[in-house]
Amino acid sequence: MNLHAVSVVYRKELTEWLRDRRTLISTVLVPLLAFPILIGGMISLSTMLIGQARKDIPKVMIIHGEDSPAVVAALRANKEIEVVPYASNWKDQISEKLIRAAVEIPEGFQASLEKATPAAVQIDYYEGEIKSEFGADHAEKSLKDYRDEVIKKRLETKNLPVSLISPFDTKKQNIAPPEKVGGATFGGFIGYMVILLCMTGAIYPAIDLTAGEKERGTMETILSSPVSRLDLVLGKFSLVLSAALATASLSVLSMGVSFSLIRHFGGSSGARGEAVQLLFQLGPKAVLSVFLMALPLAVLFSAVLMTIALFAKTYKEAQSYLTPMTFLVVIPAVASLLPGVELTPKLALVPILSTSLVCKEIMTGTYHWGSMALIFGSSCVYGAAAIFLAVKTFQRESVLFRS
Amino acid sequence: MIEARSLSKRFQDKKRGEIRAVDNVSFTCQPGKIYGLLGANGAGKTTTLRMLATILEPTDGTALINGFDVVEHPEKVRANVGFLSTATALYPRLNAQEMVEYFGRLNGLDEPTLKKRIDEIFLRLNMNDFRDRRCDKLSTGQKQKTSIARTLVHDPPVMIFDEPTTGLDVMTARTIIGFISDCRDRGKTVIFSTHIMSEVERLCDHIGIIHGGKLLEEGTLSELRAKHNEHNLEEIIVKVVGPLANTEA
């Protein structure tokens, strides 16, 4: 191997790559802008819609209840809902969003309460429709408050303390550090994204530097130069690898910007809050560890993609060969996100899946150095085998001059 | 010097089985001389020249290029060869100077030498007006000049041209022909293939007629004319190839 020749090939490929408008779009612009625009846009839209939904006072219909004035009065007293007159087609009205929910009070409900016999009130709503869910929540809160009032009165009647039905309180206290809380939810996703982006970032340059060269007629030009096939492959491979890592890095950076947008739009609680917490509490150790673990995988992707693309005579043909490859990466990466899939010594030897699993663990702050070494080592072996295969393929005349 | 020794190349084709693209071809090209390889499409010219340039490896036989064996030392051979064909395109996103610099560096030239060589070649080929222009923006003639500069940058003693003027306009073709002639004048060993008889008559010191992968006839133009009692080169080729072509048909 001649390092000078490899470096000359790499620098030339880098120059051409940086001058390609398609490269700027696919490697730089899309990862940098897509996440903030997509996530920021979605968040601002959903924040606006939820805010609007909260402002609106939902219309709720009471079905029956003529013989139960107390519960009806409790519902009417709730200023968060507007009680509308009864209509027999209330279900249709919920579906058509004319009203948001309906409370069905069974006949003799109040009498049942007085006799202390069990009774149930039903709330009808349209699941998935946010305003309907808000209406149902408000109605349920009124009913629960009324139920608590009834219990309290019963206890007072019998001169019993309220603490009789609530002898003690329970309180949950989280002891997991915030990075583990966030990591458990989002860690797998970040590992998955880094792996997938290493793959997608390598596709375009892998095609351009192999099938693209054949199509443009420059393959014979370069093969007539004194550079050895090994140096040529290594120079090209280095560029494909750089592109893969650049795409993944820019995408993670872009995700960071996107999470900042989430925080800006006020997402500080629930899942969004966890995401924000994760971002700001992930140390450089975790991020670097994920990239380090993904590095041999990026090597594997780059070499395999180049090898396959070299068989194609044209850019389009190469695209048709490589598209199914995306599924081969997505499936094991997604499998790692499934609940219950844990890292075992056997799984540590399965490429992609093992890296995805270990990234998930790193994001939760867990570093199993033995497993990490095994996964890194096995991925390096796969990557080296893929480079060897790429070099061998570049030496096959039947592939280079396929007609 | 080029010395082809029983060069052979066989390909496997799924439908047609084994194809003998080049079959036991031997010839010698001397420095300061131009060897013209003539033949119809599919005769084996391109495969022969590609083997000499080490782009393809011979199935049997070998060739010595400036003393280096194409099978044993392909990289040294390529360092001694300038190869130009209609299939050797330019990198579209590099400019003319970067294109030539790239091949200079691959040939191991140090930066001061490379700069000097490029300045000389660009001046000689009148390329300074477009040295900073991207190759995909160059005219056909400018592209050919850049390709020539690319083959010359390391000053190789052996030049191989595979149908270098095919598809070019008259003016661009003249530039190429002038360049080939100039290579001979500078003492380089030159081999080239073409379909254009006027180019052969104007340039070639020695001619080889190839058909069906075999070298059927070899000699100077006057020797061939005397042997076949025919002045017109095209008629000579028809006489040499004709019986075989009729048999194949």
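Note that the structure is a prediction, hence the values are computed from the model and not measured.

This paragraph deals with the overall build of chain A. Scanning chain A from N- to C-terminus turns up 16 helices and four strands. Relative to its 403 residues, chain A shows a buried fraction of 40%. Intrachain contacts of chain A at a sequence separation of at least 6 include 77% that bridge at least 24 residues.

Per the secondary structure count, chain B includes nine helices and ten strands. On C-alpha atoms alone, chain B measures out to a radius of gyration of 18 Å, which is about the 18 Å that the 2.2 N^0.38 rule sets for 249 residues. Each principal axis of the C-alpha distribution contributes one length, and for chain B these read about 55 × 40 × 35 Å. Buried residues in chain B amount to 45% of all 249 residues. Within chain B, residue pairs in contact and separated by at least 24 positions form 67% of the contacts whose partners lie at least 6 positions apart.

On to the interface of chain A and chain B. Between chain A and chain B, the contact holds 19 residues from the first and 22 residues from the second. Elements that contribute at least two residues to the side of chain A that touches chain B include exactly helix 1 (3-18) and helix 9 (219-223) of chain A. Element by element, the count of residues in the side of chain A that touches chain B is highest for helix 1 of chain A, at five residues. Of the residues that constitute the side of chain A that touches chain B, the class distribution is five nonpolar, seven polar and seven charged.

For the rest of this paragraph, the subject is the packing of helix 1 of chain A against helix 3 (residues 96-106) of chain B. The axes of two packed helices give the description: the angle between them and the distance between them. Closest axis-to-axis distance for the helix 1 of chain A/helix 3 of chain B pair is 9 Å, and the angle between their directions is 165°. Looking at the two axes, helix 1 of chain A sits roughly antiparallel to helix 3 of chain B. As for how helix 1 of chain A packs across helix 3 of chain B, the hand of that crossing is left-handed. Seen from helix 1 of chain A, the contacting residues are Ala5, Val8, Lys12 and Thr15 of chain A; seen from helix 3 of chain B, they are Glu98, Tyr102, Arg105 and Leu106 of chain B. Residues of the contact of helix 1 of chain A with helix 3 of chain B, tallied by class, amount to four nonpolar, one polar and three charged.

Residues and elements named next belong to chain B. For Ser6, which is not glycine, the phi torsion reads 50° and is therefore positive. Structurally, Ser6 is set in strand 1 (residues 2-13). At Glu163, a position not held by glycine, the phi torsion is positive, near 40°. Inspection of the secondary structure assignment puts Glu163 in the loop between strand 7 (158-162) and helix 6 (170-185).

So, about the pairing of strand 4 (residues 60-65) of chain B. All names here are of chain B. As judged from the five bridges shared by strand 1 and strand 4, these two strands associate in the antiparallel manner. Looking across to strand 4, one finds that Ile2 is bridged to Ile65. As judged from the two bridges shared by strand 4 and strand 5 (residues 68-69), these two strands associate in the antiparallel manner. Along strand 5, the bridge assignment pairs Ile65 with Phe68. Connecting the antiparallel pair strand 4 and strand 5 is a turn made up of two residues, with Asn66 showing a positive phi of about 50°.

Turning our eyes to something else, we now look at the sheet that holds strand 3 (residues 101-105) of chain A. Sheet strands pair by backbone hydrogen bonding; their relative direction is either parallel or antiparallel. Residue and element names in this part refer to chain A. In spatial order, the strands read 2-1-3-4; together these four strands make up an open sheet with mixed pairing. The open sheet is flanked by strand 2 (82-84) and strand 4 (122-125), the only strands paired with a single partner. Mean inter-strand twist for the sheet, computed between neighbouring axes without regard to direction, equals 30°. Two elements, strand 3 and strand 4, share four bridges in a ladder whose sense is antiparallel. Pairing of Ala101 across the sheet is with Tyr125, part of strand 4.

Residues and elements named next belong to chain B. Reading across from one edge, 2-1-4-5 is the order of the four strands in this open sheet, with antiparallel pairing throughout. Strands at the two margins of the open sheet, each flanked by one partner only, are strand 2 (17-29) and strand 5. In the packing of helix 1 (residues 45-52) onto the sheet, the strands contacted are strand 1, strand 2 and strand 4, and the crossing angle to strand 1 comes to about 120°.

Confidence in the prediction for chain A averages 82 pLDDT; 89% of positions are at 70 or higher. Helix 1 of chain A holds the highest mean pLDDT among the elements of chain A, 93, whereas helix 11 (residues 270-281) of chain A holds the lowest, 51.

All names here are of chain A. The terminal C-alpha atoms of helix 1, which comprises 16 residues, lie 22 Å apart, in line with the 22 Å expected from a rise of 1.5 Å per residue. For helix 1, the complete set of buried residues consists of Ala5, Val6, Val8, Val9, Lys12, Glu13, Glu16 and Trp17. Axial view of helix 1: buried residues confined to an arc of 165°, hence all on one face. Exposed residues on helix 1 whose side chains face more than 90 degrees from its buried face are Leu3, His4 and Leu18.

What follows is about the packing of helix 3 of chain B against helix 5 (residues 140-152) of chain B. All names here are of chain B. Their axes nearest at 8 Å, the elements helix 3 and helix 5 cross at an angle of 25°. By the criterion of interaxial angle, the relationship of helix 3 to helix 5 is roughly parallel. In this structure, the crossing between helix 3 and helix 5 has a hand that is right-handed. Note on element contacts: helix 5 touches helix 3 through Thr146, Ala149 and Arg150, opposite Ala96, Met99, Val100 and Phe103. Residues of the contact of helix 3 with helix 5, tallied by class, amount to five nonpolar, one polar and one charged.

Mapping Gly219 of chain B onto the fold places it in strand 10 (residues 214-219). For the pair Gly219 of chain B and Leu114 of chain B, spaced 105 residues apart in sequence, the C-alpha separation works out to 39 Å.

Residue and element names in this part refer to chain A. Residue placement: Leu305 occurs in helix 12 (residues 284-310). Put simply, Leu305 and Gly135 are 170 residues apart on the chain and 54 Å apart in space, counted from C-alpha to C-alpha. Not counting chain neighbours up to four residues away, the residues in contact with Leu305 comprise Ala202, Ile203, Ala206, Val240, Leu322 and Met325.

About the criteria used
All chains use their own residue numbering, which begins from 1 and follows the written sequence. Labels follow written order: the first chain is A, the first ligand is 1, and so on. Given that the model is predicted, a residue must reach a pLDDT of at least 70 before its local features are reported, and side-chain atom pairs must reach 80 or more before they are shown or counted; all residues, however, enter totals for whole chains, interfaces and linings. Strands are runs of DSSP state E lasting at least 2 residues, helices are runs of H or I lasting at least 4, and numbering of each runs from the N terminus. We call a residue exposed when 12 or fewer other C-beta atoms sit within 10 Å of its C-beta, buried when the count reaches 20 or more, and partly exposed for counts in between; the C-beta positions come from the backbone. Contacts here follow a simple rule: the backbone-placed C-beta atoms of the two residues must lie within 7 Å. The reference for a compact globule is 2.2 Å times residues^0.38; the radius of gyration itself is calculated from the C-alpha atoms. Charged residues are taken to be Asp, Glu, Lys and Arg, nonpolar residues to be Ala, Val, Leu, Ile, Met, Phe, Trp, Tyr, Cys and Pro, and polar residues to be all remaining types, Gly included. Orientation is described by lines fitted to C-alpha atoms, with helices fitted over the stretch in contact, and by angles between N-to-C directions that extend from 0 to 180 degrees. To sort the angles, those under 35 degrees are grouped as roughly parallel, those over 145 as roughly antiparallel, those from 65 to 115 as roughly perpendicular, and the leftovers as oblique. By the definition used in this description, the sense in which the near helix is turned from the far one sets the handedness, with an anticlockwise turn below a right angle giving left-handed and a clockwise turn giving right-handed. Here, a strand pair is defined by DSSP locating no fewer than two bridges between the strands. Confidence scores here are pLDDT values: one per residue, from the predictor, ranging 0 to 100. Here the expected length of a helix is defined as 1.5 Å per residue gap, with one fewer gap than residues. What the arc measures is the spread of directions leading from the helix axis to the C-beta atoms.

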